[in-house]
Every structure is written in C-alpha cells, then in structure tokens.
Amino acid sequence: MFFKQSLLILKRDLKIEFRNKSLLLSMIIFAVLFQVFLQIVFDANIEAIKKIAAGVLWIPILLSALLGFSKYGIAERENDALTGLLIAPVDRGAIFLGKLLGNLLFVFIVVIISVPVFFLFLKQPFPESIGLLLFTLFLGSWGFVALGVFFTTLAQSSSITDLLVPIMIFPLAVPLFLAISQLTEMALYPSIVMGQDLWVLLLVGYNILFTIAPLFLFDILLEV
Amino acid sequence: MQLKNVSLAIEDKPVLRSINLNWAHGEAIALLGANGAGKSSLLKVMSTLLHPSTGKTTMPEGMSLQKWKSKLGVVFPETFLYSSLTGYENLLFYQKLYGKTDNEQIEQVFNQVNLSRVQQERVETYSKGMKQRLAIARAFVHQPTHLLLDEPFDGLDLASKTILERLLKEKNKQGVGYVLVSHDSAHAWDLCDRAVLLHNGKIVLETPCTEKTYRSFMNQYQGWLKEKQHDVF
Amino acid sequence: MIQRFIDPIKLILTGITAILIGIQLYMVFFFAPIEKYMGIVQKIMYFHVPTAFVAFAAFGVVFGAGILYLITKNKKWDYLAVSSAEIGVLFTTFVLILGSMWARPVWNTWWVWDDPRLVTSLILWFIYVAYLLIRTSVKGEERHRKFAAVFGIIGFIDVPLVYFSVLWWRTIHPKVIDENGANMPPEMANTLFFSMFAFMVLFATMLLYRYVLESQREKVKEIRQHSMSERTDF
C-alpha cells in the first residue's frame, strides 16, 4: 500500500511535468551551460583539470538539482492540492518517497546528459574506474536529492524558500560533498586510492540517514 | 463522530472554544454563522487536518484514523485539482489515492455533475463553475459515507445548485451524512436535519431544522449578526 | 509566580559569574606561565577553548530542547532552544575570530583547512545561522517551531559527520598540524579547566537572561492577542 501510494504520486507528478516539459528541459540546459561556463572561467585544459575535475563534474548537477527542487511538484500548490493529499488516507512518508523518486529521476536524466558532455569537452580519457564513478553519481545524487526534497517541502511556507533551501542544505551536506568529490577523484584518477572504503561507507550511511529519517519526520512536520 | 470539549488556538488566537458536537451516522448538519466564526476551522478539525489544542475527537465505532479518512469526502473552498491534468485524470488519481479503482463510479459522478462531455479536457480550460463541480465530483469519487462541505454552492449557477441539492438529498437517503457550512441559512435549512450556529468559536444555538424552528432561529441569528456589526464599526 | 524565584537566581548567578570571570582573568594573566615558544599569544587559548566548549554545549541544548519540544509540544522548550542557539552562534563567531587571531602568529596564516575542528566550527556557524533564519522566515508559529526543532536535531547529528569527513579529507593529504596542549604544565592545565568552568557558568547566566526575555516577549504577545479577541467577544 505504502509503495503503491508512492508510485501513484510519482506517476501523477511525472505526468504533469512531462506534459509541461519546461522543467526537465531547463534543468538539462542549465547543467550543460553551467559546465561550459565553469570550463571557460577555470580556463580548463587537460593539465589544469586534474585539480578541479570533480567540482566541474558535480557543481552543474547539484545546482541544476537545487533549482529543480522548488519547481518540481509546483502543481501541488496551485489549488492547494497538497491539502487534498493530506486529507486522503495516505501515509505522509509515501508522499516523501514519491517526490524523492520523481526528483531523482530528473536528476539522473541530467546526469546522463551532463556527464558525457564533461568527458567530451575535456577530452578526458575514459575513466579508469567506471563502476566507482557510476556508483558515486548514483548515491551522490540520491543523498543530495533526499536532503533537498525534505527541506524544500518544509520550507514551502517560508518567505524566502528559494534562498533558505541552499542555506539549510549546503552546510548539512558537507560530508556528502566531501565524499562524492573524493570518490569522483579516485574514479577519474585511479592513482589515489587511500580511504576509498571509508568514503563509500560515509556515503552509504549518509544516504540511509537522510532517506529513512524524513519518512518518519514527514508525519510530524506536514501538518497544516 | 464525536467532538468533546474541543478548543483550537491558531497562533495563540482562540478559534474554537469548547465545542461539543455529536455527528450521528447519516445525519445532515448545517453549520451556520458569520465570517470568522470558526466554521471552516471546525471542518478542518473534523477532517483531522487540524488537531484540537485541547479536547478530544472520537471516530465513530472505533474507526482508525486512516479508516475515518477513507470514509470522508471533502469540498473546501480550494478545489484541490491539478490544472494540467484532464478532469478524468484528476478523478482517477483521487480515486486511486483512496485505494479504489472503479471506472463506472467515475462515469457516474461525471454524469451527476453534468461534466461527462469535457472529462477528457484539461482542467485549466474549465470555467470557474465547472471546476467547482469537478471538485464536488472529486469529493464523491471514492463513495464516502461522510461529507464535509465548506460553502459548496459558492460559484455555482442556479442549474448547478439544483443539481447539487438533488445530489445531496439523494445521497442522504442512501445513508450518507454531511456537515454543510453555509452563510445562506435559508438555503441550508432545506438540506439539514439539525442546524448549529457558531459565533466567535462557540456553539451558541442548536436546533432541529423544521419550518417551525426557522423563524425563531432567524431572530436569534440576526441578533448575533447585529452584535457582530457593532463590534466592527 | 515563577518570576519571583527567577529574579534572585538571576542576581546571584550574575554575581557568581562576575567573580568567576574575574578569577579567570587573574589566573590567565598572572597565574599561568608564559608559553616558551608561542609567547603571550598563547593566552588566547584560555578564551578560545572554553568559548568553543560553550558553543558546542549550546548546540547540545538546542538538540535536547528540540527533542523535548517535539515530544511535549511545550513552548518553553522552544524558548530554551532559540535562546541557546543565539548564544551558540555568538560564541561560534568568537571561536572563529579567536582561532584566526591565534593561528596568525603561530601557524603563520589566518585560516587553515587542515584542522577539522576549525572547519567544523565554520560549518556549525552556517548550520545555526540557517536555524535562526528558519525562525524568522517561516510563516506560522507552530510550524516554524517544529521545523526549527527538527533542523536543530538534524544539524547536531550532522556535526560528527562533518568533523570526521573533514578529518578523513585532510588525513589523505599531508597533515601539517600537530596536536598541541597534551603535555601542559599543571598551572596552564588548571587555568584552562578553570576557564572552561567559568565560561560554562557565564553561558548558564546568559541562557537564563535570554530565556526569560523570550518567555516574556511571548507573554506580551499572548496578552495583546487575548485582549484583541476579548474585544470582539461579547
């Protein structure tokens, strides 16, 4: 029942978003554009890129995800449809999960397009450890989106939602950022392999914490 | 459903004060009162959207919270509709949300609110009255046994009003109870078994809805309204 | 009623704090010896370390009071949490300033990314500034109380994660800072411990004042709203 409800909410959100298309398209365009921008301002070439590769790869994805949080599911606020959800016999954790999966799907689509662009532009030799890179991209996006969806939903009644969300989640996400930048560096340049297990552990633990905790906290927090 | 001594404060402002109300199965209650008397807040408490600050709400026959919610149909001033989905998709979504799939039921409510013709069109193309009718259909789509209606006649034209009146009477015969919030007491009187008058968050009058009681009710009601006007000016 | 008891406590506590801080200053400047290598600047330690201690304790109070608020829904816990958070942010600001002042002559730089405590303090500062922002920008009193409580809890749980991730981040690279202070002469250690104690009492005093202020402010608001609703009553 729980998962059925999550899927129902996910399907509805996707139907609405794909009908309008503008959100997903602008997220993709923003990510690619911002990557180009970063490469230009850092004057990135193969020599220089080693130091900043992880950042150039991730920052466009994270910012694009961040811009998506407050716009995804905006239909819910239009006719106060969220109240309609809260009145229905729906587990509020299921609402969180449905929104998490939807946002995640969008971010994955951004990743699928923006990461190949990164390799294309920088003529990067194919990453040594593609498995590790995919693993990091998957869990890194997951953790950030979980954190973002949770706090965006909560901050919706704020007068400065769009600013408050990054101010809240960036400091909390420092462990996540460190883990993904380290792991990405290891995946791209396999010479550094120290402490890989430790980072993987941190990343997995962080994801579990910020996926499970909102499932329970949503019930307390989502009251009108 | 039973409310015992329910009080509600929003931002430390008292909105409801020791409300005692018993809603029997299948009973039609009209909730009347001036603006700001706490009618909508009382509906929100009954829908479990708001929790009373003090006092207790009891679900009928030991129903669980989820069970109570699944039996409840709600029409609030906001329509809860998704404007980029079609009317049909909206109803389908809300029906599934209540764990049901019954296409015939959807067809039936579309017929009842006279929207069958436009069910495949997006809600954003609907007029205000059509949206309101769809919101009513949305409240009926999971076959609730209890209805909470907050000014459902608002924004409806005469024909639609008649449709809704007929629909409510018909449902009531089938054992569906409702709480109807209205500022038009004359209109609501035809549709209720019992009228409850709220003033400043308190129940000040309770009376069965008969022609006999209407006159004395109106006298008192106008008395309250006058006092309210004195306060404002 | 409670007010009658709080007032004498406030006075006594203020007096004790003044005396303790006086003794602490005396110990720092006349009792503890001047450190051989760092010289007089090392005296910053007696303020820097206790300040950090207080900041962390303050955020601990935010965490505890947040949990208690969510369980009991008693607004008093929330008053305590917001009071403590403000003091915590203030002390964290001092920690960062004092740390920089100390680092400049000793490490020859205002800021190092290699010290996990320093970096964690900075992140802490950001987390609790966000906490205060939530309180001012989220509409609906009960909502922002609940939201802030949850954020205070999550923020505090996040602190060890930040600390260890920064530690690992930097131990993969060469580490330039040695742990200092492990073998201090007893006068120094005593002064440090006394300073920590004095600062904790200072924290308790500030918290009491701030808490009383917060509850009085809420009281005033309540009275005002009550009188307004009385007027429309009949």
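Reading the values: the criteria
Residues numbered from 1 in each chain as written. Chains lettered and ligands numbered in written order. Predicted model: local features only at pLDDT ≥ 70, side-chain atom pairs only at ≥ 80, totals over all residues. Heavy atoms only, no water. Contact = heavy atoms within 4.5 Å. Buried area = accessible area lost by both parts, 1.4 Å probe. Salt bridge = Lys/Arg side-chain N within 4 Å of Asp/Glu carboxyl O. Helix = DSSP H or I, 4+ residues; strand = E, 2+ residues; numbered from the N terminus. Buried < 20%, exposed > 50% of the residue type's maximum accessible area, 1.4 Å probe, protein only. Phe/Tyr/Trp six-rings, centres within 6.5 Å; stacked < 30°, edge-to-face > 60°. Lys NZ or Arg CZ within 6 Å of the ring centre and 35° of its normal. Polar contact = N/O pair within 3.5 Å; in protein donor to acceptor, adjacent residues only side chain to side chain. Pairing = 2+ DSSP bridges. Axes fitted to C-alpha atoms, helices over the stretch in contact; angles between N-to-C directions.

- An unreviewed UniProt entry annotates chain B as ABC transporter ATP-binding protein of Terrihalobacillus insolitus.

1. Structural notes on the interface of chain A and chain C
Phase 1 of the analysis: Taken residue by residue, the interface counts 28 residues in chain A and 27 residues in chain C.
Phase 2 of the analysis: When chain A packs against chain C, close to 2700 Å² is buried across both sides, 79% of that on carbon and sulfur atoms.
Phase 3 of the analysis: The tally of links from chain A across to chain C stands at zero salt bridges.
Phase 4 of the analysis: Looking at the side of chain A that touches chain C, the elements with two or more residues in it are helix H7 (130-154), helix H8 (161-172), helix H9 (174-188) and helix H10 (196-221) of chain A.

2. Focus: helix H3 (residues 87-97) of chain B
Phase 1 of the analysis: Burial analysis of H3 of chain B places nine of its 11 residues in the buried class, which makes it a mostly covered element.
Phase 2 of the analysis: Buried residues of H3 of chain B: Gly87, Tyr88, Glu89, Asn90, Leu91, Phe93, Tyr94, Gln95 and Leu97 of chain B, and no others.
Phase 3 of the analysis: The inward-facing, buried residues of H3 of chain B contact helix H1 (2-20) and helix H5 (81-87) of chain A together with helix H4 (103-112) and helix H5 (128-140) of chain B.
Phase 4 of the analysis: One or two positions beyond H3 of chain B, positive phi appears at Gly99 of chain B, with a value near 75°.

3. A closer look at the environment of Ser141 of chain A
Residues and elements named next belong to chain A.
Phase 1 of the analysis: Looking at the secondary structure, you find Ser141 in helix H7.
Phase 2 of the analysis: Residue Ser141 is classed as buried on the basis of its relative accessible area, which comes to 2%.
Phase 3 of the analysis: A sequence separation of 36 residues divides Ser141 from Leu105, and the C-alpha atoms of the two residues are 9.9 Å apart.
Phase 4 of the analysis: Residues within four places of Ser141 in sequence aside, it is in contact with Trp58, Leu104, Val107, Phe108, Val111 and Thr136.

4. Digging into the pattern of salt bridges
Phase 1 of the analysis: One pass over the structure, following the stated rule, counts 18 salt bridges over all chains.
Phase 2 of the analysis: Note that Glu206 of chain B is salt-bridged to Arg194 of chain B, the shortest N-O span being 2.4 Å. Placement of the pair is Glu206 of chain B in strand S9 (residues 202-208) and Arg194 of chain B in strand S8 (residues 194-199), with a sequence separation of 12 residues.
Phase 3 of the analysis: Here Arg194 of chain B falls in the buried class, since its relative accessible area comes to 15%.
Phase 4 of the analysis: Between Asp78 of chain C and Arg135 of chain C there is a salt bridge whose closest N-O contact spans 2.6 Å.

5. Digging into the packing of aromatic side chains
Phase 1 of the analysis: For the structure shown, the criterion picks out 39 aromatic pairs over all chains.
Phase 2 of the analysis: Aromatic side chains Phe150 of chain A and Phe218 of chain A sit 6.0 Å apart centroid to centroid with 35° between the ring planes, which places their arrangement in the tilted category. Residue Phe150 of chain A is found in helix H7, and its partner Phe218 of chain A is found in helix H10; the two are separated by 68 residues along the sequence.
Phase 3 of the analysis: We classify Phe218 of chain A as buried; its relative accessible area is 0%.
Phase 4 of the analysis: Aromatic side chains Phe164 of chain C and Trp168 of chain C sit 6.2 Å apart centroid to centroid with 35° between the ring planes, which places their arrangement in the tilted category. One end of the pair, Phe164 of chain C, and the other, Trp168 of chain C, are both in helix H5 (residues 141-172), four residues apart, so they sit about a helical turn from each other.
Phase 5 of the analysis: With relative accessibility at 40%, the residue Phe164 of chain C sits in the partly exposed group.
Phase 6 of the analysis: Cluster of aromatic residues (ring-pair linked, three or more members): Phe96, Phe150, Phe151 and Phe218 of chain A together with Phe151 of chain C.
Phase 7 of the analysis: One residue, Arg138 of chain B, lies across the ring of Tyr94 of chain B, its end atom 5.5 Å from the ring centre.

6. Things to note about the side chain of Ser83 of chain C
Residues and elements named next belong to chain C.
Phase 1 of the analysis: Relative to the helices and strands, Ser83 resides in helix H3 (residues 75-107).
Phase 2 of the analysis: A relative accessible area of 0% means that Ser83 is categorised as buried.
Phase 3 of the analysis: Among the polar contacts made by the side chain of Ser83, one reaches the main-chain carbonyl oxygen of Tyr79 at a distance of 2.6 Å.

7. Quick notes on the sheet that holds strand S1 (residues 2-10) of chain B
Residue and element names in this part refer to chain B.
Phase 1 of the analysis: Spatial ordering of the open sheet is given by S2-S1-S4, a layout of three strands whose pairing is antiparallel. Edge positions in the open sheet fall to strand S2 (13-22) and strand S4 (54-58), since each of these has one partner strand only. Sheet twist, expressed as the mean angle between neighbouring strand axes with direction ignored, is 25°.
Phase 2 of the analysis: On top of the sheet, helix H1 (residues 39-46) reaches S1, S2 and S4; it is set at about 60° to S2, its chief contact.

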